[in-house]
Amino acid sequence: MIVSRGSSKELTRLQDSKEKKFSPGNGSEMDDWQRAISTPTRYRVGASSINLRPKDVIQICLLLFVVVFVGLVIYTHSAPLGARKVIPLTKPSSYSDKYPLSAPITTANGRKFRIAVITDLDHGSKVDDSLWQSHYLKGFLIAGKDNKFKVEFDSKSTNLYNSLAQGGRGMELSELVVYNEDVITVDDRTGVVYKIVENVVAPWVILSDGPGNVSKGFKSEWATVKDGYLYIGGLGKNGPIQKETCSI
């Protein structure tokens, strides 16, 4: 290829201009970007103003993100039990839903179902300074063939005794429920859940008030069974410790 001298000089000038335009340190785009992030930007705060470089703003934003993230992690791990996500329960594999425990008795007049009641005597539960009691009475619910019902109680009740108490009170039993072939009762003063075994109360579980981290016993007032689990709850009475319904 033949190139004239004039055109050769023109080509050389074009190459020199390109080298000057894109070579570092001669006004290139990279230098413009570096100067842009290094040049402070003035921000007005009320009557005052501060100068921040863009890279300083980026560093501050990253720092704030880290602080917020760490705060969320700490809050999640320290949130009260009631504020955490509840994991759905599955029915225990060893659970027995047998009910009633005693088979109904068929008579000429109908059917008889074994029942029981228990007392919450409040202050009357105290026997002495180290013993408290509750009365446990059994009977029958009779369903007649004429669709009429009546209750017959045994002539004598059984006294249940225990030494567990709180604040000088105990054995204030508020509920009876059958769970997993056991007769369960709850003390609304101490939070103790008892099993009644051969007319003796055996402490099984102790429930504390609030979210489960206070010394006062949970005021258990009712219990029920659903999907193989025993649920024990209170009445939601307002108080200095817990102002919402407590349930387990």
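In what follows, the accompanying structure is described. (Residues numbered from 1 in each chain as written. Predicted model: local features only at pLDDT ≥ 70, side-chain atom pairs only at ≥ 80, totals over all residues. Heavy atoms only, no water.)

1. Looking at the sheet that holds strand 12 (residues 200-206)
Next up, step 1: A sheet is described by the order of its strands in space; here 4 strands give the open sequence 9-10-11-12, paired in antiparallel fashion. Only two strands of the sheet have a single partner each, and these edge strands are strand 9 (173-179) and strand 12. For this sheet the average axis-to-axis angle between neighbouring strands, irrespective of direction, equals 30°.
Next up, step 2: When strand 11 (residues 192-197) meets strand 12, the two strands line up antiparallel, connected through 6 bridges. Looking across to strand 12, one finds that Val 193 is bridged to Val 205. (Pairing = 2+ DSSP bridges. Helix = DSSP H or I, 4+ residues; strand = E, 2+ residues; numbered from the N terminus. Axes fitted to C-alpha atoms, helices over the stretch in contact; angles between N-to-C directions.)

2. Section: the environment of Asp 97
Next up, step 1: With respect to the helices and strands, Asp 97 occurs in the loop between helix 3 (54-78) and strand 3 (105-107).
Next up, step 2: It is 7.3 Å that separates the C-alpha atoms of Asp 97 and Gly 228, two residues lying 131 residues apart in sequence.

3. Considering unusual backbone geometry
Next up, step 1: A cis amide bond, omega -5°, links Tyr 99 with the succeeding residue Pro 100.
Next up, step 2: With respect to the element layout, Pro 100 can be found in the loop between helix 3 and strand 3.
Next up, step 3: At Asn 180, a position not held by glycine, the phi torsion is positive, near 55°.
Next up, step 4: Position of Asn 180 relative to the elements: it lies in the loop between strand 9 and strand 10 (182-187).
Next up, step 5: We note that Glu 181 has phi near 65°; this positive angle belongs to a residue other than glycine.
Next up, step 6: In this fold, Glu 181 is placed in the loop between strand 9 and strand 10.
Next up, step 7: The exposure class of Glu 181 is partly exposed, given its relative accessible area of 41%. (Buried < 20%, exposed > 50% of the residue type's maximum accessible area, 1.4 Å probe, protein only.)

4. So, the pattern of salt bridges
Side chains that carry opposite charge are capable of pairing whenever their charged atoms lie near each other.
Next up, step 1: Within the structure shown, the criterion is met by 10 salt bridges.
Next up, step 2: Its salt-bridge partner being Arg 169, residue Asp 122 comes within 3.9 Å of it at the nearest N-O pair. With Asp 122 in the loop between strand 4 (110-118) and strand 5 (126-128) and Arg 169 in the loop between strand 8 (158-162) and strand 9, this pair connects stretches of sequence that are 47 residues apart.
Next up, step 3: By relative accessible area, which is 37% here, Asp 122 ends up partly exposed. (Salt bridge = Lys/Arg side-chain N within 4 Å of Asp/Glu carboxyl O.)

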